[in-house]
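Here's the letter readout for the chains.
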Amino acid sequence: MGYQPQEDDSLLVKSLSKGNIPAFNTLFGKYGSRLYRFAYGYLRSTEEAEELVQEVFTTIWEKRAQLKEELSFKAFLFTIAFNLIKKNFRNRVHASEYFKTGIMEDFDIETSDRVTYNSLHQFISELVDKLSARRKEIFIKSRFEGLSIKEIAKELKISHKTVENHLTDALKFIRANLQRESISAILFFALFTF
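What you are looking at is a predicted structure, and each value in this text was computed from that prediction instead of being measured. (Residues numbered from 1 in each chain as written. Predicted model: local features only at pLDDT ≥ 70, side-chain atom pairs only at ≥ 80, totals over all residues. Heavy atoms only, no water.)

Undergrad: What's the story with the packing of aromatic side chains in this structure? I'm lost.
TA: Scanning the model with the defined rule gives six aromatic pairs in all. On the basis of an interplanar angle of 85 degrees and a centroid distance of 5.9 Å, the ring pair of phenylalanine 24 and phenylalanine 57 is categorised as edge-to-face. Linking phenylalanine 24 in helix H2 (residues 21-43) with phenylalanine 57 in helix H3 (residues 46-62), this pair joins segments that are 33 residues apart in sequence. For phenylalanine 57, a relative accessible area of 2% corresponds to the buried category. (Phe/Tyr/Trp six-rings, centres within 6.5 Å; stacked < 30°, edge-to-face > 60°. Helix = DSSP H or I, 4+ residues; strand = E, 2+ residues; numbered from the N terminus. Buried < 20%, exposed > 50% of the residue type's maximum accessible area, 1.4 Å probe, protein only.)

Undergrad: Would you take a moment to explain the packing of H2 against H3 for this structure?
TA: Any two packed helices are characterised by the angle at which their axes cross and by the distance between the axes. At their nearest, the axes of H2 and H3 sit 8 Å apart, and the two run at 140 degrees to each other. In terms of crossing hand, the pair formed by H2 and H3 is right-handed. Contacts from Ile21, Phe24, Leu27, Phe28, Tyr31, Gly32, Leu35, Tyr36, Ala39, Tyr40 and Leu43 of H2 reach H3 at Thr46, Glu48, Ala49, Glu50, Leu52, Val53, Val56, Phe57 and Trp61. Here the contact of H2 with H3 is built from residues that sort into 16 nonpolar, two polar and two charged. (Axes fitted to C-alpha atoms, helices over the stretch in contact; angles between N-to-C directions. Left-handed = near helix turned anticlockwise from the far one by under 90°. Contact = heavy atoms within 4.5 Å. Nonpolar A, V, L, I, M, F, W, Y, C, P; charged D, E, K, R; others polar.)

Undergrad: What is the right way to look at the nonpolar core in this model?
TA: Generally speaking, a soluble globular protein has its nonpolar side chains buried in company with each other. Formed by 28 residues in total, the largest nonpolar core has its most connected members in Leu35, Phe38, Leu52, Val56, Ile60 and Leu77. For this core, the secondary structure elements donating two or more residues are helix H1 (6-17), H2, H3 and helix H4 (73-95). Beyond its immediate chain neighbours, meaning those up to four positions away, isoleucine 60 contacts Leu16, Leu67, Phe73, Phe76, Leu77 and Ile80. Core analysis: the next-biggest nonpolar cluster, separate from the first, contains 15 residues, Leu131, Phe139, Leu156 and Leu167 among them. (Core = buried A, V, L, I, M, F, W, Y, C linked by side-chain atoms within 4.5 Å.)

Undergrad: Even after reading the chapter, I still don't get the pattern of salt bridges, so can you show me in this structure?
TA: Between side chains of opposite charge, a pair can form as their charged atoms come close. As enumerated under the stated definition, the model contains five salt bridges in all. Aspartate 9 serves as the salt-bridge partner of lysine 30, at 2.4 Å between the closest nitrogen and oxygen. With a gap of 21 residues between them, lysine 30 in helix H2 and aspartate 9 in helix H1 connect regions that are remote in the sequence. (Salt bridge = Lys/Arg side-chain N within 4 Å of Asp/Glu carboxyl O.)

Undergrad: Help me understand the environment of isoleucine 124, please; the structure alone is not making it clear to me.
TA: Here isoleucine 124 is to be found in helix H6 (residues 117-128). Looking at isoleucine 124, the relative accessible area reads 0%, which means it is buried. Separated by 51 residues in sequence, isoleucine 124 and arginine 175 place their C-alpha atoms 9.8 Å apart.

And the structure:
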């Protein structure tokens, strides 16, 4: 599924806000699989990721009358998802000792609440801008547009291995910079290593 321009979203959101079911179905078709990959990257569970996608789109339908066509539907969608994922992590912390392992010792709930999807996305975007042109293009297609390695390789007419190498190098660069900034490793690994 190709990436659609923002104008298409605006028209769909306008229709959705009036209760148009085909518009809702179109937006679900456009973003459902990307949202699933995003959620799975955090949750590492097919079942939980599917449930989260359903919950996000249920929320979208319930709040359809409040949607504003001029705002980014994608940002709204992924912000809802990000907040639900944070809630899921809070529940996991209370239920297990998962976050007390060595690599996550600097993580705490208060920190996760302060780091919003938008601020993390902005910081990552600044780091991505420092990548080489081709590496940046591949990273954006993979992590921000939700394309698979196969889809990127086909679109750019390069090998799967080349795509994988660029992604690996981009991840190493961003990981190093995030750690220097003391942003929780768990948020980075969850967002960008799936």
